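Read off the chains here:
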Amino acid sequence: MDKKHKTLGEFIIENQSSFQYSSGELSKLINAIRLAAKVVNHEVNKAGLIDILGAAGDTNIQGEDQQKLDVLANEKFIQTLKNREIVCGIASEEEDDFISINSQDEQHQNKYIVLIDPLDGSSNIDVNVSVGTIFSIYRRVTPVGTPVTIEDFLQPGDNQVAAGYIVYGTSTMLVYTTGDGVNGFTLNPAIGTFYLSHPNMQFPETGKIYSVNEGNYIHFPQGVKDYIKYCQQEEGDRPYTSRYIGSLVSDFHRNMIKGGIYMYPKSSKASEGKLRLLYECNPMAFLAEQANGKASDGKGRIMELKPTELHQRVPFFCGSTKMVEKAEEFIANALK
Ligand code: P6P
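Each value, and the rule that gives it
- Residues numbered from 1 in each chain as written.
- Predicted model: local features only at pLDDT ≥ 70, side-chain atom pairs only at ≥ 80, totals over all residues.
- Heavy atoms only, no water.
- Buried < 20%, exposed > 50% of the residue type's maximum accessible area, 1.4 Å probe, protein only.
- Helix = DSSP H or I, 4+ residues; strand = E, 2+ residues; numbered from the N terminus.
- Pairing = 2+ DSSP bridges.
- UniProt positions renumbered as here; feature names shortened; annotations may be inferred.
- Contact = heavy atoms within 4.5 Å.
- Near = heavy atom within 4 Å.
- Polar contact = N/O pair within 3.5 Å; in protein donor to acceptor, adjacent residues only side chain to side chain.
- Phe/Tyr/Trp six-rings, centres within 6.5 Å; stacked < 30°, edge-to-face > 60°.
- Lys NZ or Arg CZ within 6 Å of the ring centre and 35° of its normal.
- Expected span 1.5 Å × (residues − 1).

The next subject is the pairing of strand 5 (residues 112-120). Among the nine residues that make up strand 5, nine are buried, leaving the element largely enclosed by the rest of the structure. Alignment of strand 3 (residues 87-92) against strand 5, held across five bridges, turns out to be parallel. Each bridged residue has a counterpart across the sheet, and for S92 the counterpart in strand 5 is I116. When strand 5 meets strand 6 (residues 131-139), the two strands line up antiparallel, connected through seven bridges. Residue I116 lies in a different strand from strand 6, and its bridge partner there is F135.

This part covers the UniProt feature "binding site: Mg(2+) 2" (unreviewed entry) in the protein. Residues annotated in UniProt with the feature "binding site: Mg(2+) 2" (unreviewed entry) correspond here to D117, D120 and E280. Across 164 residues in sequence, these annotated residues keep their C-alpha atoms within 8.6 Å of one another, forming a single compact spot. When sequence neighbours within four positions are dropped, the list of residues in contact with D117 reads E93, G132, T133, I134, Y279 and E280. Tracing the sequence through the fold places E280 in helix 7 (residues 277-290).

Neighbouring the ligand are 13 residues, the closest being D120, Y244, L248, Y262 and Y264. Between the ligand and L248 there is a distance of 2.7 Å, counted from an oxygen atom to a backbone nitrogen or oxygen. Contacts to the ligand include K274, whose side-chain N or O atom sits 3.0 Å from an oxygen atom.

Moving on: the packing of aromatic side chains. A ring pair, where both rings are aromatic, is described by two values, the distance of the centres and the angle of the planes. In the structure shown here, the tally under the stated rule is eleven aromatic pairs. Consider the rings of Y227 and F330, whose centres lie 6.0 Å apart with planes at 55°: the pair is tilted. Within this pair, whereas Y227 is found in helix 5 (residues 222-232), its partner F330 is found in helix 8 (residues 321-335), the two being separated by 103 residues in sequence. On the accessibility criterion, Y227 (1% relative accessible area) is buried. Three or more aromatic residues joined by ring pairs make a cluster, and in this case those are F11, Y176 and F185. The ring of Y217 has K229 sitting right over it, with the charged end atom 5.1 Å from the ring centre. In this structure, R238 packs its charged tip against the face of Y230, placed 3.8 Å from the ring centre.

Let us now look at the sheet that holds strand 13 (residues 261-264). Within the open sheet, the five strands sit side by side as 12-11-13-15-14. Their pairing is mixed. Taken across any chain shown, the strands that pair with only one partner, and hence form the sheet edges, are strand 12 (241-242) and strand 14 (294-296). Inspection of the sheet shows strand 13 paired to strand 15 (residues 316-319) by four bridges, in the antiparallel sense. The residue bridging I261 from the neighbouring strand is G319, located in strand 15.

Attention now moves to helix 3 (residues 68-83). Helix length check: helix 3 (16 residues) gives 22 Å between terminal C-alpha atoms against 22 Å at 1.5 Å per residue, within 8%. Listing the buried residues of helix 3 in full gives L69, D70, L72, A73, N74, F77, I78, T80 and L81. Count one or two residues on from helix 3 and you reach E85, which has phi positive near 50°.

As structure tokens, this is what we get:
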């Protein structure tokens, strides 16, 4: 690896002072996520080799079969975050309720909460397609030293202090923001070190890729159907290319590099869409806006929504600004 690529550890130290809450705890938190990412990466990469595939027999609150790697990733991230006494609460796609962590050390009452989707796209695991981890970090809103409440988790996305994802793909990358742009780090598995490989990631203002599960087309609202047809028309720089991996993190990552839009609209089958606001849409929206992109529920900014429950779902349109705005335009016109 070229000497000029600094490590994630060096980057965190260099940028700690620029972070407005520079207590050092956030740096420790990002470091904890880095460690958990390496452990999960190791398991994901050998999933086909040991008897870890196949449903763990349980189903999570979403009613989805829990793959054993889902369970393992969930346990690893929760355990790593708990052990470091940095956070006071954790919520996970794989946990019905939030987890309250009371510090043993009265002096160091922790003030951060973390929401995670420990292994997004897990249905792709046994077909060897990329999966990812998504995380979202807030400061608590209830008094430090008291047990966290649901209010600490039901904050609008605009309150996030950090967010990011790990994509376990052809290479493993950690991409995150603390509100000062988006930076991508690639893991060198030979030495277990993340290196800054994609500094200051930015969505192109527009693009030619649209990502949606077109198998749901007949169930979409009219405005979404109209936008999809617009993408397919022979005119100007269209038709666009349709690319849908079935893994939000992977589709988002490709679109951020190449330009594009990801859509998971509501439909007659899913009245609020499928994606969860707190640990999928808000963190990806924070990254999108920090990378000069846009994230909408079809009408307005995702990060302005006031959450009402831990696992609530919202329609999600995210990516290159001009493409998200065009989709919003078609949705609005169809309602007139
Ligand atoms: P569908 C994975 O379960 C996920 O949450 C996203 O990562 C992905 O984009 C989407 O759902 C796929 O859902 O209904 O198109 O299979």
